[in-house]
Amino acid sequence: MTGSQADADARIRALRPPKPVVDPWRAHGTVVEEERRPSGLIERALTVFLSGSECPFTCSFCDLWRWTIDGPTPAGALPAQLRDALTLPDAPLPQRLKLYNASNFFDARAVPVSDWPEIAELAAPFMGVTVESHAATISPRLLDFARQLDGRLEIAIGLETIHPAAMRHLNKKLDLERFERAAGFLTDNDIDLRVFVLLAAPYVPASESVEWTVRTAEYAVRNGAAVVAMIPVRGGNGELERLAAEGHFVPPTLGQLEQALDCCLDLSPAVMTADLWDVAEFSACESCLADRIARLERINLTGRRELAISCPACDDRPHVHLRLV
């Protein structure tokens, strides 16, 4: 790590509000959702939000550090969390298990390798298993975990943006060459790739936010992404507020998220989805909010275009129509 990166890490961490107390022996949440796959199948997916070691990369936009512990994840803690989370009410078992640990699954400090066999055993009933990890942690070692699974492995990687200036300032320690190596490795080994891209990444001008989100999604698909999730950047970590005060970050709008998703639907059969967690905070219009969210939910599941919601209270918002190559 360079001195400037170390300085950025220290500044970002110093600006954060206090971290909540997190119990490494308890998952901090679960959710069951429906999601579309490139085949057109609608899967039920159980996401387990695991508690463990904090990610070392210290990205400027990150809000996941809140759900992590200081120090390494204790051996045995993640299987214990997963075992408790899999106590589901009587219902059809979801087809997919997503293990999101707010860090990097293939960082041994976050997920002890000694826990892999038990995690794989607990995941055995699922057709697909998704984990998240930084591109820098993608290496031949992960093939051992893939072989232990009964279901098919998918790895979610945060690409965030390909905007050159923004990439330099995200403090993610990622460049396109590294991402391409990681994506190529997964493709060569028949492992599915899910990619996260940001809407309104810091240092992307607000007037270009939709365009660069679309460009990034297109780049991800060209590199083998089967699923691309667009995530609006959310403030609250201190660093984003600093960047906003300096004019380097403008929070996204619900209209931008709609536009970005609409512009990416031609990338089928890759699945494009809009992340709708807490999405109401990005809208200033209560009159059409419910209808607009419902429209995005339908498009997430169908991948089909729909007419934009018409609302007399806010129809002066700008619309863009992009077809990037």
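Everything that follows concerns the structure shown earlier in this document.
Note that the structure is a prediction, hence the values are computed from the model and not measured.

Thoughts on the nonpolar core
The biggest cluster of nonpolar side chains holds 83 residues, and the ones touching the most others in it are Leu 99 and Ile 155. Setting aside its immediate chain neighbours within four residues, Ile 155 contacts Phe 106, Val 131, Ser 133, Ile 138, Leu 142, Leu 186, Ile 191, Asp 192, Leu 193 and Arg 194. Formed by 5 residues, the second largest nonpolar core is a distinct cluster that contains Cys 285, Ile 309, Cys 311 and Cys 314.

Some remarks on the environment of Ser 268
Mapped onto the secondary structure, Ser 268 falls in the loop between helix 9 (254–264) and strand 10 (271–274). Ser 268 sits 35 residues away from Gly 303 along the chain, and the two C-alpha atoms are 7.9 Å apart.

A few points about the pairing of strand 5 (residues 96–100)
It is a general feature of regular strands that their side chains alternate between the two faces of the sheet. Judged by how many residues are buried, strand 5 sits mostly within the fold: 5 of 5 residues are covered. Covered by surrounding structure in strand 5 are Arg 96, Lys 98 and Tyr 100 together with Leu 97 and Leu 99, the residues of both alternating faces. The sheet contact formed by strand 2 (residues 42–49) and strand 5 spans 5 bridges and is parallel. When the bridges of strand 5 are listed, Leu 46 appears paired with Leu 97. As judged from the 4 bridges shared by strand 5 and strand 6 (residues 128–132), these two strands associate in the parallel manner. By the bridge assignment for strand 6, Leu 99 is matched with Val 131. Handedness of the crossover joining strand 5 and strand 6 through helix 3 (residues 116–122): right-handed.

Looking at the pattern of salt bridges
With the rule as written, the count across this model stands at 27 salt bridges. Here Arg 194 and Glu 35 are joined by a salt bridge, their closest N and O atoms 2.8 Å apart. One end of the pair, Arg 194, is in strand 8 (residues 192–199); the other, Glu 35, is in strand 1 (residues 29–36), with 159 residues separating them in the sequence. Of the two residues, Arg 194 and Glu 35, neither departs from the other in class, the shared state being buried. Here Arg 37 makes a salt bridge to Asp 192, at a shortest N to O gap of 3.9 Å.

As for the packing of helix 7 (residues 209–222) against helix 9
Taken N-terminus to C-terminus, the directions of helix 7 and helix 9 make an angle of 35°; their axes are 9 Å apart at the nearest point. Helix 7 and helix 9 meet at a crossing whose hand is right-handed. Packed against helix 7, whose contacting residues are Ser 209, Val 210, Thr 213, Val 214 and Ala 217, the element helix 9 presents Gln 256, Gln 259, Ala 260, Cys 263 and Cys 264 at the interface. Partitioned by chemical class, the residues of the contact of helix 7 with helix 9 number 6 nonpolar, 4 polar and no charged.

Some details on the packing of helix 9 against helix 10 (residues 289–302)
Helix 10 packs onto helix 9 with a crossing angle of 25° between their chain directions and a minimal axis gap of 11 Å. For the element pair helix 9 / helix 10, the angle class is roughly parallel. In the packing of helix 9 onto helix 10, the handedness of the crossing is left-handed. Seen from helix 9, the contacting residues are Leu 254, Gly 255, Leu 257, Glu 258, Leu 261 and Asp 262; seen from helix 10, they are Leu 289, Arg 292, Arg 295, Leu 296, Ile 299 and Asn 300. Residues belonging to the contact of helix 9 with helix 10 are distributed by class as follows: 6 nonpolar, 2 polar and 4 charged.

Criteria and cut-off values
Along each chain, residues carry numbers from 1 onward, in the same order as the chain's sequence is written. Predicted model: local features are reported for residues with pLDDT of at least 70 only, side-chain atom pairs are reported and counted for 80 or more only, and whole-chain, interface and lining totals are derived from all residues. Each side-chain value is derived from all of the structure's non-hydrogen atoms; neither hydrogens nor water enter the calculation. To define a nonpolar core, start from buried Ala, Val, Leu, Ile, Met, Phe, Trp, Tyr and Cys residues and group those joined through side-chain atoms within 4.5 Å. With a 1.4 Å probe rolled over the protein chains alone, any residue whose accessible area is under 20% of its type maximum counts as buried; one over 50% counts as exposed, and the rest are partly exposed. We call two residues in contact when some of their heavy atoms are within 4.5 Å. Only DSSP runs of H or I covering at least 4 residues are called helices, and only runs of E covering at least 2 are called strands; the numbering of each starts at the N terminus. Whether two strands pair depends on DSSP finding at least two bridges between them. With strands facing away from the observer, any crossover in which the path from the first strand over the helix to the second runs clockwise is taken as right-handed. What makes a salt bridge here is a side-chain nitrogen of Lys or Arg within 4 Å of a carboxyl oxygen of Asp or Glu, nothing more. An axis is simply a line fitted to the C-alpha atoms; with a helix, the fit covers only the stretch in contact. Between two such axes, the angle follows the N-to-C directions and lies from 0 to 180 degrees. Crossing chirality is assigned from the near helix's rotation relative to the far helix, an anticlockwise turn below a right angle marking it left-handed and a clockwise turn marking it right-handed. Basically, the charged four are Asp, Glu, Lys and Arg, the nonpolar ten are Ala, Val, Leu, Ile, Met, Phe, Trp, Tyr, Cys and Pro, and anything else, Gly included, counts as polar. By definition in this entry, angles of less than 35 degrees are roughly parallel, angles greater than 145 are roughly antiparallel, angles of 65 to 115 are roughly perpendicular, and the rest are oblique.

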